[in-house]
Every structure is written in C-alpha cells, then in structure tokens.
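An overview of the molecular structure
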Amino acid sequence: KIFQAIVSCVGADGTIYIIPKSLEIELNELMTKIQSNFICLGLLESYCWKKGDACVVKGSDTVWYRGKVVELGVGTLQVQYIDRGCIEMVPQCHLYPTTLYTDTPPFCIPCELYKTIPIGNFWQQDAVDVLQELLTNEEVEIHVQELPGNTRDKLSINLYFGGMSLSSFLAYQKYCVAEDCQEILKMELGDVSVLPSYTLPPLPIPGDIFPVRLTHLVSPKEVYICFGPSKNLMKQSATEGDANCDSKTVSLDEALKWCNKSVKYFPLLTHFQREMPCLAEYQDGLWYRAMLLSVQEFDPVKILVQFVDYGSFSVVPANRLRHIPHHLLKYPVQAVRVLLTGFKPASYDKNAERIPYSPEWSVEALWAMMKCIEGKQLSASILALSPEITISLYEDDENLVHMKLIEMGLAELEE
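Residues numbered from 1 in each chain as written. Predicted model: local features only at pLDDT ≥ 70, side-chain atom pairs only at ≥ 80, totals over all residues. Heavy atoms only, no water.

**Some thoughts on the side chain of R289**
Take R289: it is sitting in strand β17 (residues 287–298). You can call R289 buried: its relative accessible area is 0%. (Helix = DSSP H or I, 4+ residues; strand = E, 2+ residues; numbered from the N terminus. Buried < 20%, exposed > 50% of the residue type's maximum accessible area, 1.4 Å probe, protein only.)

See below:
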C-alpha cells in the first residue's frame, strides 16, 4: 500500500502518472530492447491509422517509446506514451505501427488524489501548472487508498513529497477541497498562536569520543558542531522517534530540496516573534531552516536570524522570510552550540584587536583557531551537559585543538 514512485507526467486534466521505483529496471530493459529492434526503421509508407492502434513513437529526444493513438488528425496524430502517460501531437513520420510488446502492461499508473475535489470540479490550468512544476520527474511516496474498479480507472492515492501531503498543500493554496485536512493545514504551515520550536538531536554519551564537524565559529571558546555517527546515543526525544516511524524516513536534505522547489507558495512572515522557526533565504539563493532572533531595522524591516542547521547568523529583509511547513520541525537541529573546555584567553594580550561581540578574545586568536581546525578530521568528547554543553575538541591526531593557541601565546590553560 505504500511505495516510492517517480512522477512521469501530470496530464492536462490533473491526472498524476507514476512509475513505481520497483519497476524501473524492468522498464529500462524494455526500452533497451525497443531501441535495438527499431534502430534502422525507414520511412513508413502511407498507413491507415485507427484510434487505439499500438505503435512506437520517436520522441523529441530521438528515443523510441511505446505509444497508442488516441485521436486522428490531418498529418499528425494525438499519441499517448503509454509508459509515461503524456499525450502529444506527433507527425505521422515519427510513428510506426507494431504489435510487439503489446502483451506487456503499461509501466505508468494513472492516479488521482483521494477524497480531494478540485475547485469547480476540475483542475484549473494554474493548479495543473503547479502540479507539473512540482512533481514531474520527481520521486514521491505513494499511499494507496482505493484500488480502481477496472483497468481504465485511476488509482486513488495520497501523495507525499518531501514529507508533505500534496492534498494539504493544494488545499492550502485553495486549488481544491480535501476531506479531513483542515486540522492538518493549520499545522502544515504553522500556527503563530502556538509557537512551535526545534528540538536538539540525541547526544552522545558523556565520556565517549565521537566524530564532529564544525559548522560555525563564534569565538575560540564557543562553536557550533554537527555530530557524526556514534554507537552510543542518549535517549531520543519523542519528536525524533516519531520522525523515524515514517514509512520511509525522508532525509532533511530531501525535505529541504522539495521546500526550495515549492517555497514561493509558502506565505511571507508578517508576524515576528523571538525564537520563532521560519524559512530564510541565504546568500546562495537557497532557503534553509532558521530562527528569528531580533528586529535590527524598522524601515525597511530587517531581521537577525540564525540558520539552525549551521549555527551561522544573518540579517535579512522581511521578504526573505517565509512560514516553515510543520513537517520540517520534526527534524532535530543539525548544529549544536557547545563550549570548549581546558583553556581561556591569554591574560597579557590586552592591546590586540578584539572580537567586538566577545572582547575577551583577540581577533588573532579567532583566526588562529580557524586555521587549527580547517580541513581537519575532528572528534570530541562531552564533559558536561549543563548548564551548557561542554566538550573537549580533538584534531585528527587526537591532540587537543586548543594546544596550538597556547603554544602561540593566544590562550592559557584553564586551572
């Protein structure tokens, strides 16, 4: 009842054609046979085509596909690519009648969304455009709800892309009415009356040494890290456990890829509250999970945000902030703030240029720390979980990272 599929086509009537991932190898083998059997075809003499005739059709990519004539025309025929679902007007010179492979059923399955009624009882062109833009050639998760009464009917499904329900998404955009999804919709794009929040990832057991990746350096003492795989993790939060109960756990990267594809349909933020989760556009033009920290300017409005999966900060205009779909909150933050232990700022380094937001440290010490960790395979061990997570950070040779700062006279050992 639940499987992964590729959306091969979205028809003009909103029909969603899917190819189950489990059939991809078989389809590729059939396509290889077709190419080898029809590679040397000459021009076809005049042929009396009939509606429903089986054929092979040369696509715009010069590849031969299985087809079926659905409408007759003058000089051209309307043909459906039966393994992809799409319908095109094709010149007769690009068609060839054949009875080969007619005993093999089409690989694509026509589908409709379960208990989802389009506005006006048929899919409007703008809704079809959205479906085509979002889904074509993308991998999705299919939940079968009702089998068709006969082979000509459509399979009734719920479709999920990047963890989001397609029916709920379309209903939110007012392209349709989906039964029983009103409560889901309130959650899908957030409800500011109840401020949601991100969760921390499961932490390694204190004392264990585990790989880490440093994502952001605030000062030589304060950093953000991503945990690498560890055999011993502390008990997961309920939220993280729920995320792993999905039929197929969609990775955060995959969920964000889908969000970037559909982000223009998410509403802009108009309500700003400290620590409110959101999507924020970074300098690379991509959207990432973020958290509001403070309003920096009022005309125009600019907001200080933190990108929670990296730890970095940025001041962005309000038009680069959007509501975050609720399903993205089930993923724990990837970057965790930690304090490094075992060293402190050098007491005699008073006249050097200071870090403005952390004046106990010199800018030279910050640059030196960056060079110490650049390109290194780092590992860490948790020493304390409260009041703040405190770690020892090691280089790839298992030496403490801060020892080089001490050798350079930029830091001292802590008592």
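Back to the text.
**Here's the deal with the sheet that holds strand β16 (residues 277–281)**
The five strands are arranged β19-β18-β17-β16-β20 in an open sheet whose pairing can be described as antiparallel. Both outer strands of the open sheet, β19 (313–317) and β20 (321–322), are each paired with one neighbouring strand and no more. Across five bridges, the pairing between strand β18 (residues 301–307) and β19 is antiparallel. Its bridge partner being in β19, L304 is matched across the sheet by V315. (Pairing = 2+ DSSP bridges.)

**Considerations on the environment of A365**
Structurally, A365 can be placed in helix α7 (residues 363–373). Using a relative accessible area of 0% as the deciding quantity, one classes A365 as buried. Placed 44 residues apart in sequence, A365 and G409 show a C-alpha to C-alpha distance of 9.1 Å. Filtering out sequence-adjacent residues up to four positions away, A365 remains in contact with P220, L405 and L410. (Contact = heavy atoms within 4.5 Å.)

**Some remarks on the pairing of strand β24 (residues 358–362)**
By the bridge criterion, two bridges tie strand β23 (residues 354–355) to β24 in an arrangement that is antiparallel. Pairing of R354 across the sheet is with S362, part of β24. Linking β23 to β24, which pair antiparallel, is a turn of two residues.

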